[in-house]
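Geometric and topological summary
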Amino acid sequence: MGLPEVLARIERAARRAGRDPSGVRLVAVTKGRSPEEIREKVLAYGDFPLGESRVQEALPKIEALSGATFHFIGPLQRNKAKFMGRFALVHSLESLRVAEALNRRLERVLEVLVEVNVGREPQKHGVLPEALPDLLGALGELPRLRVVGLMTVAPRRADPRRLRAVFAELSRLADRYNLPERSMGMSEDFELAVEEGATLVRVGRAVFDEL
Ligand SMILES: *Cc1c(COP(=O)(O)O)cnc(C)c1O
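Residues numbered from 1 in each chain as written. Predicted model: local features only at pLDDT ≥ 70, side-chain atom pairs only at ≥ 80, totals over all residues. Heavy atoms only, no water.

1. Notes on the environment of Leu-150
Relative to the helices and strands, Leu-150 resides in strand E6 (residues 145–151). A relative accessible area of 0% places Leu-150 in the buried class. Sequence separation between Leu-150 and Val-114 is 36 residues; the distance between their C-alpha atoms is 4.8 Å. Once residues within four sequence positions are removed from consideration, Leu-150 is found in contact with Leu-113, Val-114, Val-116, Leu-132, Leu-170, Leu-173, Ala-174, Leu-179, Glu-181, Arg-182 and Ser-183. (Helix = DSSP H or I, 4+ residues; strand = E, 2+ residues; numbered from the N terminus. Buried < 20%, exposed > 50% of the residue type's maximum accessible area, 1.4 Å probe, protein only. Contact = heavy atoms within 4.5 Å.)

2. Some remarks on the site of the ligand
All residues in the neighbourhood of the ligand are listed as Val-29, Lys-31, Ile-73, Met-186, Ser-187, Arg-202, Val-203, Gly-204 and Arg-205. Arg-202 is positioned such that a nitrogen or oxygen atom in its side chain is 2.9 Å from a nitrogen atom of the ligand. Between an oxygen atom of the ligand and a side-chain N or O atom of Arg-205, the distance comes to 2.8 Å. (Near = heavy atom within 4 Å. Polar contact = N/O pair within 3.5 Å; in protein donor to acceptor, adjacent residues only side chain to side chain.)

3. Here's the deal with the pairing of strand E5 (residues 110–115)
Counting buried positions along E5 yields 5 of 6 residues, so the element is predominantly enclosed. Sheet topology places strand E4 (residues 89–93) next to E5; 3 bridges connect them, and they run parallel. Each bridged residue has a counterpart across the sheet, and for Leu-93 the counterpart in E5 is Val-114. Following the chain from E4 across helix H4 (residues 96–105) to the adjacent parallel E5, one finds a crossover that is right-handed. (Pairing = 2+ DSSP bridges. Right-handed = clockwise from strand over helix to strand, strands pointing away.)

4. A few points about a positive patch on the surface
A cluster of basic residues, Arg-78, Lys-82, Arg-97, Arg-104 and Arg-105, forms a positive patch on the protein surface. Along the chain, the position of Arg-105 falls in helix H4. (Patch = residues over 30% accessible without salt bridge, like charges linked within 9 Å, V, L, I, M, F, W, Y side chains within 5 Å. Areas by Shrake-Rupley, 256 points an atom, 1.4 Å probe, with all protein chains shown as cover. Salt bridge = Lys/Arg side-chain N within 4 Å of Asp/Glu carboxyl O. Lys, Arg positive; Asp, Glu negative; His and termini not counted. Charge placed at Lys NZ, Arg CZ, Asp CG, Glu CD.)

5. Some words on H4
All of the buried residues along H4 are Val-98, Ala-99, Ala-101, Leu-102 and Asn-103. Of the surrounding elements, those touching the buried residues of H4 are E4, E5, helix H5 (132–139) and E6. A side-chain oxygen of the first residue of H4 lies 3.4 Å from the backbone nitrogen of Arg-97; this N-cap is Ser-95.

6. Thoughts on H5
If you check which residues of H5 are buried, you get Leu-132, Leu-135, Leu-136 and Leu-139. Down the axis, H5 shows its buried residues gathered within 95 degrees of arc, on one side only. Close packing links the buried residues of H5 with E4, H4, E5, E6 and helix H6 (160–176). (Arc of directions from axis to C-beta.)

7. Concerning the pattern of salt bridges
The tally for this structure, following the rule as stated, stands at 20 salt bridges. A salt bridge links Arg-15 to Glu-11; its shortest N-O distance comes to 3.0 Å. Taken together, the positions of Arg-15 and Glu-11, both in helix H1 (residues 3–16) and 4 residues apart, correspond to about one turn of that helix. Residue Arg-15 is classed as exposed on the basis of its relative accessible area of 54%. One connected set of salt bridges, linked through shared partners, spans Glu-5, Arg-9, Arg-12 and Glu-191.

8. Concerning the environment of Ala-88
Turning to its location among the elements, Ala-88 is positioned in the loop between strand E3 (70–72) and E4. With relative accessibility at 36%, the residue Ala-88 sits in the partly exposed group. Between the alpha carbons of Ala-88 and Arg-105 there is a distance of 16 Å; along the sequence they are 17 residues apart. In this structure Ala-88 touches Thr-69, Phe-70, His-71 and Glu-111, once residues within four positions along its chain are discounted.

9. Some points on the pairing of strand E1 (residues 25–29)
Among the 5 residues of E1, 4 are classified as buried, and the element is accordingly described as predominantly covered. Where E1 meets strand E2 (residues 50–52), 2 bridges bridge the pair, whose relative direction is parallel. Among the inter-strand pairings, Ala-28 is bridged to a residue of E2, identified as Leu-50. For the segment spanning E1, helix H2 (residues 35–41) and E2, crossover handedness is right-handed.

If you want it as structure tokens, here you go:
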């Protein structure tokens, strides 16, 4: 599809929902892509944030693409906390233990999103919606972390009605806790996510491949 087409679809989806398209940011998911490919297919079009899901893979790319903005979108472990300062935003915080490690290791305030398992899938990352009040309360005590929103990964191969319900639920939760950012929607479903209030969409294959 390519990045320009993804942007055009984001804009159309936003307008369908009566939203201002500038309220949606595209995070180009660059896992498995080389620095050359990232320059050609993403950075040639502008300074889009790059989403990486593994620290070991991300660190050399951060070196190679100096000046680019990186977001961390993958499973977060305590022993990787010391690297999170290299990222402008962490989408995937899901535990207080990891948050406490981050708070200890960071030298500056880091913006984070809390990952929510809205679809209540057993193997899925993220906290269940009912665990959010306690977790958000505890995170509020950690001075080096600033929670700015929520993130979810929708169930795979779900039908559009189900996807829409999951995205609408994440938006409702973000509203309830007064959090501005909603990170939701990937290559298969980013337009639905934008219609339901996404402020960040994480798109990989539709940016890089023929979809
Ligand atoms: C890989 C990944 C994406 C992007 O998925 P695509 O289907 O390539 O768009 C988005 N979010 C997370 C958490 C990912 O791991």
